[in-house]
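Below, each chain spelled out in residue letters.
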Amino acid sequence: MKTTAVITTHGFSDLDKALGLLPKSAAKATLRRVLVKAGQPIADRAQSLAPRDTGELSDSIKVSTKVKNDIGKAEYAAVMRAGGTKAEAGAAMRAARSASPGQSFAVVLVGPEDAKTKKDAIKRIVQEFGSVTQQPNPYMRPAWDERKREALEIIKSELGAEIVKTARRIGKSKSRSTQDKALAAQAISIVERG
């Protein structure tokens, strides 16, 4: 069972504009780096709150950018079954993903990694939410409640600097187009004046 929290923020419009000027892959990687840094205090607190019978649960709590995404898998498989190339199948999968509503630009997960056994997966859920026979011993929700403001402060303080670093790398790159370099320069000016 996955619980998702959506946070709406205000005051990030200049940073969003600057991210939008960067090439999509660079913008996504920049945002992911900042979100991983921001998620770490939540993961650290969850590890300290998790029950320590064997330590397996606490050790499994991580910050991760790996997200299971089934969107586009059917399209990929259909192209491959029809005799298409991997490049064509990949293009079909990406097209299905970009056409799918509600997809986030960058996602970072904070919590236990996938359990190795069904029994361990059930234990993780029961620890957090309880069961008919066991009281809950939550570790993720209290960690979120205690550290969400710290995470947001990290995003506020780190995102501008990360955008500038990425934009400067693009500006120095020999493989980037003149247009990408000009847009990166605009991104730097937006961040620095904001």
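Before reading on, note that the structure itself is shown above.
Residues numbered from 1 in each chain as written. Predicted model: local features only at pLDDT ≥ 70, side-chain atom pairs only at ≥ 80, totals over all residues. Heavy atoms only, no water.

A count of helices and strands for the protein chain gives 8 helices and 2 strands. For the protein chain, the sequential pattern of α-helices and β-strands runs α-α-α-β-α-α-β-α-α-α. Computed over C-alpha atoms, the radius of gyration of the protein chain comes to 20 Å, more than 25% over the 16 Å expected from 2.2 N^0.38 for 194 residues, which places it beyond the range of a compact globule. Counting only C-alpha atoms, the protein chain reaches 65 × 50 × 25 Å along its principal axes. Taken over 194 residues, the protein chain has a buried fraction of 31%. Partitioning the intrachain contacts of the protein chain with sequence separation of at least 6 by distance along the chain shows that 70% fall at a separation of at least 24. Per element, the accessible surface of the protein chain, about 12,700 Å² overall, is 53% carbon and sulfur. Computing the positive centroid from 35 side-chain charges and the negative centroid from 21, the protein chain places the two 5 Å apart. (Helix = DSSP H or I, 4+ residues; strand = E, 2+ residues; numbered from the N terminus. Rg over C-alpha atoms; globule rule 2.2 N^0.38 Å. Buried < 20%, exposed > 50% of the residue type's maximum accessible area, 1.4 Å probe, protein only. Contact = heavy atoms within 4.5 Å. Areas by Shrake-Rupley, 256 points an atom, 1.4 Å probe, with all protein chains shown as cover. Lys, Arg positive; Asp, Glu negative; His and termini not counted. Charge placed at Lys NZ, Arg CZ, Asp CG, Glu CD.)

A few words now on the packing of helix α1 (residues 13-21) against helix α7 (residues 140-172). Closest axis-to-axis distance for the α1/α7 pair is 10 Å, and the angle between their directions is 25°. Classified by the interaxial angle, the pair formed by α1 and α7 is roughly parallel. Relative to α7, the crossing made by α1 is left-handed. In this structure, α1 contributes L15, A18 and L19 to the contact, and α7 contributes L159, G160 and I163. (Axes fitted to C-alpha atoms, helices over the stretch in contact; angles between N-to-C directions. Parallel < 35°, antiparallel > 145°, perpendicular 65-115°, else oblique. Left-handed = near helix turned anticlockwise from the far one by under 90°.)

Packed helices, taken two at a time, are described by the angle their axes make and the gap between the axes. Taken N-terminus to C-terminus, the directions of helix α4 (residues 73-81) and helix α5 (residues 86-99) make an angle of 155°; their axes are 8 Å apart at the nearest point. Classed by the angle they form, the pair α4 and α5 counts as roughly antiparallel. Seen along the crossing, α4 lies across α5 with a hand that is right-handed. Side by side, α4 and α5 meet where E75, Y76, V79 and M80 of the first sit next to K86, E88, A89, G90, A92, M93 and A96 of the second. Of the residues contributing to the contact of α4 with α5, the split by class is 7 nonpolar, 1 polar and 3 charged. (Nonpolar A, V, L, I, M, F, W, Y, C, P; charged D, E, K, R; others polar.)

Side chains I61 and V63 project from strand β1 (residues 61-64) onto a buried face, and the interleaved K62 and S64 project onto a face without burial. Both β1 and strand β2 (residues 109-112) contribute to a ladder of 4 bridges, which runs antiparallel. When the bridges of β2 are listed, V63 appears paired with V110. (Pairing = 2+ DSSP bridges.)

Turning our attention to the nonpolar core. Grouped together as the largest cluster of nonpolar side chains are 35 residues, with contacts concentrated most on L19, L22, I61, L159 and I163. If you list the elements that add at least two residues to this core, you get α1, α2 (24-49), β1, α7 and α8 (178-193). Of the residues forming this core, the biggest block, 10 residues, is contributed by α7. Setting aside chain neighbours within four positions, we find L159 in contact with L15, L19, L31, V34 and I154. (Core = buried A, V, L, I, M, F, W, Y, C linked by side-chain atoms within 4.5 Å.)

With 26 residues, α2 should reach 38 Å at 1.5 Å per residue; the first-to-last C-alpha distance of 37 Å fits that figure. If you look at α2, its biggest bend is around 30°, right at Q40, and the proline P41 turns up within four residues after that. (Expected span 1.5 Å × (residues − 1). Bend = angle between axes of the 7 residues up to and from the residue.)

Glancing now at the pattern of salt bridges. Tallied over the entire structure, the rule returns 11 salt bridges. In this structure, the salt-bridge partner of E158 is K37, at a minimum N-O distance of 3.1 Å. Linking E158 in helix α7 with K37 in helix α2, this pair joins segments that are 121 residues apart in sequence. For E158, a relative accessible area of 27% gives the class partly exposed. Under the relative-accessibility criterion, K37 is labelled partly exposed at 37%. Of the charged contacts in the structure, one is a salt bridge between K165 and E162, with a shortest N-O distance of 3.5 Å. (Salt bridge = Lys/Arg side-chain N within 4 Å of Asp/Glu carboxyl O.)

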